[in-house]
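# Topology and contacts: notes
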Amino acid sequence: MKAPSDLQYMSESSLIIRFMRLLLVLLALFLGGCSSMYFHTLDEVPTVETPRPSNWPWQEYWTGVIFNGEKIGFTHQQFVPDQERFRISSEAALRLRFLMIDKELTALTHDWVDAGLHLVRFEYVYKIDKSRRQVKGKVQDGQLALEVSTGGQTDKKILHFKGELVPMNALYLYPVLHGLQVGKVYHYQIFDGETLAIYPVEQTISAYQSSDLFAEKAFRVETEVMDLTTTSWLDATGLPQIELSLNGTLISALEPEEYAKEYLAQAALAKSEFLLTYSQIPVANKIENPRSLMSMHVRLNNMPEKFEPITTPMQQCHKEDSAWVCQIHNDETTTVKAPTLPESTNIHDVTPSMTVNSSARVIINLANEITENSADANEKVSRILDWMNTNIEKENVDSFNSLDVLEQRKAECQGHSLLFAALVRSQGIPTRLLNGVVYSEDYNAFLYHTWVESYIDDRWQAIDPTFGQRHADATHIALIEGEEMTQLIALLPLIGKLKIEVVSPN
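Remember, predicted model here, so these are calculated numbers, not experimental data.

What the protein contains, in helices and strands, is 10 helices and 27 strands. Taking all contacts inside the protein whose residues are at least 6 apart in sequence as the whole, residues at least 24 apart take part in 62%. Carbon together with sulfur atoms contributes 47% to the accessible area of the protein, which is approximately 21000 Å² in total.

This is the structure in structure tokens:
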């Protein structure tokens, strides 16, 4: 196998691709802060007749999606009667090319709702490269029952809720159904099929505006959901004229169907590495021999007010003025021990999940084969690490869970960590995923990355399955713990904003 460089090895792919997966979830939310110079508030606000679902003013629309100046895909949404209910269907297709690798992301979703847009049942299919996830379920008596199928395995889950629950695809339909009036504030809940979770929504109609960016006058709608504040402009019929996000870097706007799909025929589409450029965190001075670094002292700037980097045996952080100051040590130098597994240990650290399939028979059999006659947990972890380094290629191929990785025999860092965690957990060794950034010599920058900690010899030990590091080097800065999409969402406000100052690598 050809030895990968830092460029191939690292998370230029992992959480960046996870971020793009979230874009599929957020295609109905491509919003954000916009400069007031492009939008003009109007004093005369028309009275808009509130439609009923049975006489909705439109049945479908198309949008083109632009990231940092280049078109990357389209979305298509339909709202049509379906017997005694109404069906909201959406398809989204994105194609990115970065690091000389093409990434194809698609989502096809169907939601059946009642006359109040309340979710009744749903069927979703998400595809990233060759990985496929199907989600389906129904709502009854305050319970949402769903089935998730990925990698040949189906998991079931029950979510409980109180109050109104609408699908993500109804996010713009809700204020239209309940009245487009300046000053109105709506509170309800949405179900998101990608993160498999229910979120509260606050939606405010803040102004009626005109703009050179769209032909129709429109209501400005500000939405708070999934810890993100977003903004959009809806015309009197509820069509989203334009949606801006990530400080204007991401744009979605109404287009004719032929224009929205035109990008599929363009071979040079998304030829630039804008996503990588947007998410990397450059530093002033190059770090020498980062994979061997034993200690590092950094300042994290531009962190969201409520965001706090996690503390691990390898990393201690404290607030200093407006920045977070972190001291990170290579795991080999860590001596902190706990006689028993800490009570704060997350249940996912020791049990199977939809992403870490440690109870799957194929995972258990493989782990038993790899670790046969191992003397202790240390030897088991080392053998699994060696097996993965030999048998799982380091490529920018995304996956939904550990079974996808095992089937494809290739993955980026998120996939390597998922499979490693599944194999190790199946041997009774608690293991958790850490998500953050790690230094790349190729870019002289920190890039988003995922690795693990396993509980061995009475302490949590940092391991990087992608780098093949039994003890992760000190350029690993952990930001959050988690393996599910609901947890990874916390990283979104950091991407494109986080700044890192290396105070003293030792």
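Additional details are given in the paragraphs that follow.
A grouping of Glu 60, Glu 91, Glu 257 and Glu 258 is seen on the molecular surface, where their side chains present a negatively charged patch. Take Glu 60: it is sitting in strand β2 (residues 60-67).

So, about the sheet that holds strand β27 (residues 499-505). Across the sheet, which stays open at both edges, the four strands sit in the order β19-β20-β18-β27 with antiparallel pairing between neighbours. Whereas interior strands pair on both sides, the edge strands pair on one side only; in this sheet they are β19 (315-320) and β27. Between one strand axis and the next, the sheet turns through 20° on average, direction left out of account. In the sheet, β19 pairs with strand β20 (residues 323-329) via six bridges, with the strands oriented antiparallel.

Along any regular strand the residues' side chains alternate between the sheet's two faces. Most of strand β18 (residues 295-301) is tucked away: five of the seven residues are buried. Pairing of β18 with β20, which is carried by six bridges, proceeds in the antiparallel orientation. Within β20, the position partnered with His 297 by the bridge is Gln 327. Pairing geometry for β18 and β27, over six bridges, is antiparallel. Residue His 297 lies in a different strand from β27, and its bridge partner there is Ser 504.

Next up on the list: the pattern of salt bridges. Evaluated as defined, the whole model comprises 11 salt bridges. Notably, a salt bridge pairs Arg 220 with Glu 222, separated by 3.3 Å at the nearest N-O pair. The exposure class assigned to Arg 220 is buried, which follows from its relative accessible area of 15%. Measuring nitrogen to oxygen at the nearest pair gives 2.9 Å for the salt bridge that ties Arg 299 to Glu 320. On the criterion of sequence distance, the pair formed by Arg 299 in strand β18 and Glu 320 in strand β19 is long-range, its members being 21 residues apart. For Glu 320, a relative accessible area of 34% translates into the label partly exposed.

Moving on: the pairing of strand β26 (residues 477-481). β26 sits mainly inside the fold: four of its five residues count as buried. Relative to β26, strand β23 (residues 431-440) runs antiparallel, the two sharing four bridges. Bridge pairing in β26 links Asn 435 to Ile 480.

This part takes up the packing of aromatic side chains. By the definition in use, this model includes 16 aromatic pairs. Ring geometry for Tyr 124 versus Phe 191: centroids 6.3 Å apart, planes at 20°, classification stacked. Taken as a pair, Tyr 124 in strand β6 (residues 119-128) and Phe 191 in strand β11 (residues 185-192) lie far apart in primary sequence, 67 residues in all. Of the two residues, Tyr 124 and Phe 191, both sit in the buried class. Ring-pair connections join several aromatic residues into one group, and the members of that group are Trp 56, Trp 58, Tyr 61, Phe 79 and Phe 86. Residue placement shows Arg 121 over the ring face of Trp 112; its charged tip is 3.7 Å from the ring centre. Here the basic side chain of Arg 432 rests over the ring of Trp 460, its NZ or CZ set 3.8 Å away from the ring centre.

A few words on the side chain of Gln 315. Turning to its location among the elements, Gln 315 is positioned in strand β19. Here Ile 310 takes part through its backbone oxygen, which lies 2.9 Å from a polar atom of the side chain of Gln 315. Look past the residues within four positions of Gln 315 in its chain and what remains in contact with it is Pro 309, Ile 310, Gln 327, Ile 328, His 476, Ile 477 and Ala 478.

All told, the structure shown has one disulfide when counted by the stated rule. Put simply, Cys 317 and Cys 326 are joined by a disulfide, and their sulfur atoms are 2.1 Å apart. Taking the sign of the S-S torsion, 110° for the link of Cys 317 and Cys 326, the bridge is right-handed. The class of Cys 317 is buried, set by a relative accessible area of 15%.

Moving on, we come to the nonpolar core. Among the nonpolar cores identified, the biggest contains 37 residues, and Met 296, Leu 300, Phe 446, Ile 477, Leu 479, Leu 498 and Ile 500 are the most heavily contacted of them. Mapped by element, the contributors of at least two residues to this core are β18, β20, β23, β24 (445-456), β26 and α10 (485-488). At four residues, the largest contribution of residues to this core is made by β26. Residues within four places of Leu 479 in sequence aside, it is in contact with Leu 300, Phe 307, Glu 308, Pro 309, Ile 310, Asn 435, Gly 436, Val 437, Tyr 448, Leu 491, Leu 494 and Leu 498. By size, the runner-up hydrophobic cluster in this structure holds 34 residues, among which are Tyr 61, Tyr 172, Tyr 208 and Leu 239.

A few words now on the side chain of Ser 454. As for its position among the elements, Ser 454 is in strand β24. Looking at Ser 454, the relative accessible area reads 0%, which means it is buried. Discounting chain neighbours no more than four positions away, the residues touching Ser 454 are Phe 420, Val 424, Ile 429, Pro 430, Thr 431, Arg 459, Trp 460, Gln 461 and Ile 463.

Procedures and definitions
Residues numbered from 1 in each chain as written. Predicted model: local features only at pLDDT ≥ 70, side-chain atom pairs only at ≥ 80, totals over all residues. Heavy atoms only, no water. Helix = DSSP H or I, 4+ residues; strand = E, 2+ residues; numbered from the N terminus. Contact = heavy atoms within 4.5 Å. Areas by Shrake-Rupley, 256 points an atom, 1.4 Å probe, with all protein chains shown as cover. Patch = residues over 30% accessible without salt bridge, like charges linked within 9 Å, V, L, I, M, F, W, Y side chains within 5 Å. Salt bridge = Lys/Arg side-chain N within 4 Å of Asp/Glu carboxyl O. Lys, Arg positive; Asp, Glu negative; His and termini not counted. Charge placed at Lys NZ, Arg CZ, Asp CG, Glu CD. Pairing = 2+ DSSP bridges. Axes fitted to C-alpha atoms, helices over the stretch in contact; angles between N-to-C directions. Buried < 20%, exposed > 50% of the residue type's maximum accessible area, 1.4 Å probe, protein only. Phe/Tyr/Trp six-rings, centres within 6.5 Å; stacked < 30°, edge-to-face > 60°. Lys NZ or Arg CZ within 6 Å of the ring centre and 35° of its normal. Polar contact = N/O pair within 3.5 Å; in protein donor to acceptor, adjacent residues only side chain to side chain. Disulfide = S-S within 2.5 Å. Core = buried A, V, L, I, M, F, W, Y, C linked by side-chain atoms within 4.5 Å.

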